[in-house]
Amino acid sequence: MAKTASLKIDDKPFDLPIMTGSEGEQAIDVRRLRAESGYICFDQGYGNTGSCESNITYLDGDNGILRHRGYPIEQLAQHSDFVETAYLVIYGELPTEKQRNHFGTLLRKNAAIETQMQRIFEGFPDDAPPMAMLSSIVASLAAHYPELATNNFERDLQNFDLAAAMAISKIRTIGAMLYRYQNGMPYVHPKDIPFCENFLHMMFSEPYKDYVAEPEIAKALNLLLLLHADHEQNCSTSTVRMVGSSAANLFTSLSAGISALSGPLHGGANTAVMNMLQMIHDEGDDGTRFIEAAKSGSKSSRLMGFGHAVYRNFDPRAKIIGDACEKVLAKLGIDDPLLEIARNLEQAALKDDYFLSRKLYPNVDFYSGIIMRALGIPVNMFTVVFAIGRAPGWIANWREVASQPKGRIYRPRQIYSGPVKRDYTPMGDRG
Ligand code: SDX
């Protein structure tokens, strides 16, 4: 007998089916509720609402568990790399050597940005927000490759492999080009080298001297991108699904996801963390004073990089990045005072009832900026790096929406609380 939830409204009973996921998560299926009762559910911000069934990523916020297609993030961080994890997130299985080589070839063959697209950069002030530029230029991929962006699910899925590889590779290249444009430096053409090394080459090479990334630096960037690859139905991923559900093509949907990620409460938090740490340092505070201010609860003095809409425990990615911080900075011989301040803040917060009672722990953004700074990546590029890492997750989610045989356009309802019916009044009668 299928499990149901019984609801009684005005003494009338309603039995609603219970859905159970592969990890035992349970949900009340309310798809019939409005038709049968006239009532909708209300859940501002969808914090308690499942918008879809997905096979990509599993999060257990209470126990700090994150798995991609069943593989624990700790194992992927230890044994995999960004390109292999991107393949896993998108296609559902770890690639064979042949599949990995083919995917890598697609990424390398589609790394360059054509001259006509390069002209888009010139339309922006050189101090434009990088994420605003990234979102616009990624959207233009639909104009430059219309055969991959027909806004017809069937046709776009037929060309999905090329579009997906192109998106991952070009978002990385556009990211590097943003840095060059904003610093008045000529663009650097991609080379036939691994993904992360190519990004760093395109960011930092000089006209007559190629930048060759030290293995530790390429490894650290690989880890950072891998840890950002996907994260269930976060704000930007849900945005990609929402836009994709209208049959908008992959590039257009990714552009919307980039815009959602740019907010400081989401992908912009890594930048906000670094600005917070720098401010604490410049004020000669070791973090003690700031922690007290953060407990005021005001949105303006939040402990950025702490708290999470899902994790009520440590964000497993924060642990991995926090450990990597020490190793990367030691290997590079960097003594960053901001790391010391971050450690002070973490230790103070993890002993303070204000944070413990609200289950506020470090999230993925708390330490990631310190590693990126050690790699020479400027603060205003941190969220761009986050977008490069999250591209596979967005792509995998768009593919799930596009592949659904009975997919419906996302169209949430609302509770209207505005003025009730009233008649139009001529200007002269408006007082
Ligand atoms: C990412 O969804 C994802 O998976 C996102 C992400 C991904 O990989 O895609 O993991 C990436 O976005 C990580 C989160 C990055 N954002 C930040 O680090 C910004 C700082 N964090 C907060 O703004 C906040 O914690 C959120 C937005 C992340 C989560 O907010 P919630 O769960 O909606 O919590 P809330 O705003 O309802 O706050 C609950 C209480 C409030 O206090 P009271 O009203 O109960 O007194 O906790 C307090 C808040 O004031 N609070 C904080 C705090 N975060 C919440 N107080 C101080 N510092 C903070 N960081």
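Numbers given for residues are sequential positions, taken from 1 along each chain in its written order. With the structure being a predicted model, the display of local features is reserved for residues of pLDDT at least 70 and the display and counting of side-chain atom pairs for 80 or more, all residues being used for whole-chain, interface and lining totals. Excluding hydrogens and water, the side-chain values take into account all heavy atoms of the structure.

1. Points about helix H16 (residues 316-331)
Link 1 in the chain: Think of it this way: any DSSP run of H or I at least four residues long counts as a helix, any run of E at least two long counts as a strand, and we number them from the N terminus. In this analysis, the expected span of each helix is defined as 1.5 Å times one less than the number of residues it contains. Spanning 16 residues, H16 covers 23 Å between terminal C-alpha atoms, matching the ideal 22 Å at 1.5 Å per step.
Link 2 in the chain: To sort residues, take the accessible area from a 1.4 Å probe on protein chains only and compare it with the maximum for the residue type: under 20% means buried, over 50% means exposed, and anything in between is partly exposed. Of all the residues in H16, the buried ones are Pro-316, Arg-317, Ala-318, Ile-320, Ile-321, Gly-322, Ala-324, Cys-325, Val-328 and Leu-329.
Link 3 in the chain: We call two residues contacting when some pair of their heavy atoms lies within 4.5 Å. As for H16, its buried residues are in contact with strand E5 (65-68), helix H2 (73-79), helix H11 (215-227), helix H17 (337-349), helix H19 (365-374) and helix H20 (382-403).
Link 4 in the chain: Looking one or two residues past H16, Gly-333 carries a phi angle of roughly 65 degrees, positive in sign.

2. Comments concerning the packing of helix H3 (residues 82-91) against helix H4 (residues 97-109)
Link 1 in the chain: Whenever a helix is involved, its axis is fitted only over the stretch in contact; in every case the axis is a line through C-alpha atoms, and angles between N-to-C directions fall within 0 to 180 degrees. Where H3 contacts H4, the two axes come as close as 10 Å, and the packing angle between them is 100 degrees. Regarding the angle of H3 to H4, the classification is roughly perpendicular. Facing Val-83, Glu-84, Ala-86, Tyr-87 and Tyr-91 of H3, the residues of H4 in contact are Gln-99, Arg-100, Phe-103 and Leu-107. If an angle is under 35 degrees, it is roughly parallel; if it is over 145, roughly antiparallel; if it lies from 65 to 115, roughly perpendicular; otherwise it is oblique.

3. Details of the site of the ligand
Link 1 in the chain: If a single non-hydrogen atom of a residue is within 4 Å of a molecule or strand, that residue counts as near it. Among the 24 residues in the neighbourhood of the ligand, the closest are listed as His-231, Arg-302, His-308, Arg-317 and Arg-390.
Link 2 in the chain: In protein, a polar contact means a hydrogen-donor-capable atom and an acceptor-capable atom, both N or O and within 3.5 Å, with residues adjacent in sequence counting only if both atoms are side-chain atoms; elsewhere, any N or O pair within 3.5 Å suffices. The backbone of Gly-305 places a nitrogen or oxygen atom 2.9 Å from an oxygen atom of the ligand.
Link 3 in the chain: Shrake-Rupley sampling with a 1.4 Å probe provides the accessible areas, and residues are treated as covered by the protein chains on show and by no other component. Burial of the ligand by the protein chains amounts to 75% of its free accessible area of 1,100 Å².
Link 4 in the chain: Charged means Asp, Glu, Lys or Arg here, nonpolar means Ala, Val, Leu, Ile, Met, Phe, Trp, Tyr, Cys or Pro, and polar covers whatever is left, Gly included. Partitioned by chemical class, the residues of the shell around the ligand number 10 nonpolar, 8 polar and 6 charged.
Link 5 in the chain: Residue assignment places the shell around the ligand across two domains, with domain 2 (73-247 + 380-403) and domain 3 (269-374) each supplying three or more. Reported domain spans reflect what an automatic or database domain assignment gives.

4. Some details on the domain arrangement of the protein
Link 1 in the chain: Domains assigned within the protein are domain 1 (4-66), domain 2 (73-247 + 380-403) and domain 3 (269-374).
Link 2 in the chain: Once you take the C-alpha centre of each, domain 2 and domain 3 turn out to be 27 Å apart.
Link 3 in the chain: Contacts between the two partners involve 16 residues from domain 2 and, on the opposite side, 20 residues from domain 3.
Link 4 in the chain: Carbon and sulfur atoms supply 78% of the area buried between domain 2 and domain 3, which totals about 1,600 Å² over both sides.
Link 5 in the chain: Here, a salt bridge means any side-chain nitrogen of Lys or Arg that lies within 4 Å of a carboxyl oxygen of Asp or Glu. Taken together, the connections running from domain 2 to domain 3 amount to 0 salt bridges.
Link 6 in the chain: At the junction of domain 2 with domain 3, the criterion picks out 5 residue pairs in polar contact (both at pLDDT 80 or more).
Link 7 in the chain: Listed by contribution, the elements that provide at least two residues to the side of domain 2 that touches domain 3 are H2, H11 and H20.
Link 8 in the chain: Element by element, the count of residues in the side of domain 2 that touches domain 3 is highest for H11, at 6 residues.
Link 9 in the chain: Broken down by class, the residue content of the side of domain 2 that touches domain 3 amounts to 10 nonpolar, 3 polar and 3 charged. Once two parts are joined, some of their accessible surface, as seen by a 1.4 Å probe, is lost; buried area is that loss totalled over both.

5. Concerning the sheet that holds strand E1 (residues 4-9)
Link 1 in the chain: Here a strand pair is declared whenever DSSP counts at least two bridges between the two strands. A sheet is described by the order of its strands in space; here 3 strands give the open sequence E1-E2-E3, paired in antiparallel fashion. What marks the edges here is a single partner per strand, and that holds for E1 and strand E3 (26-28). The average angle at which neighbouring strand axes cross in this sheet is 30 degrees, direction not considered.
Link 2 in the chain: Here E1 pairs with strand E2 (residues 12-20) via 6 bridges, running antiparallel.

6. A few points about unusual backbone geometry
Keep in mind that most residues, glycine aside, have a negative phi and that most peptide bonds are trans.
Link 1 in the chain: Phi at Asp-11 takes a positive value of approximately 65 degrees, unusual for a residue other than glycine.
Link 2 in the chain: One can find Asp-11 in the loop between E1 and E2.
Link 3 in the chain: Phi at Lys-359 is positive, roughly 55 degrees, even though this residue is not glycine.
Link 4 in the chain: Considering the arrangement of structural elements, one finds Lys-359 in the loop between helix H18 (353-357) and H19.
Link 5 in the chain: Given the relative accessible area of 42%, Lys-359 is considered partly exposed.

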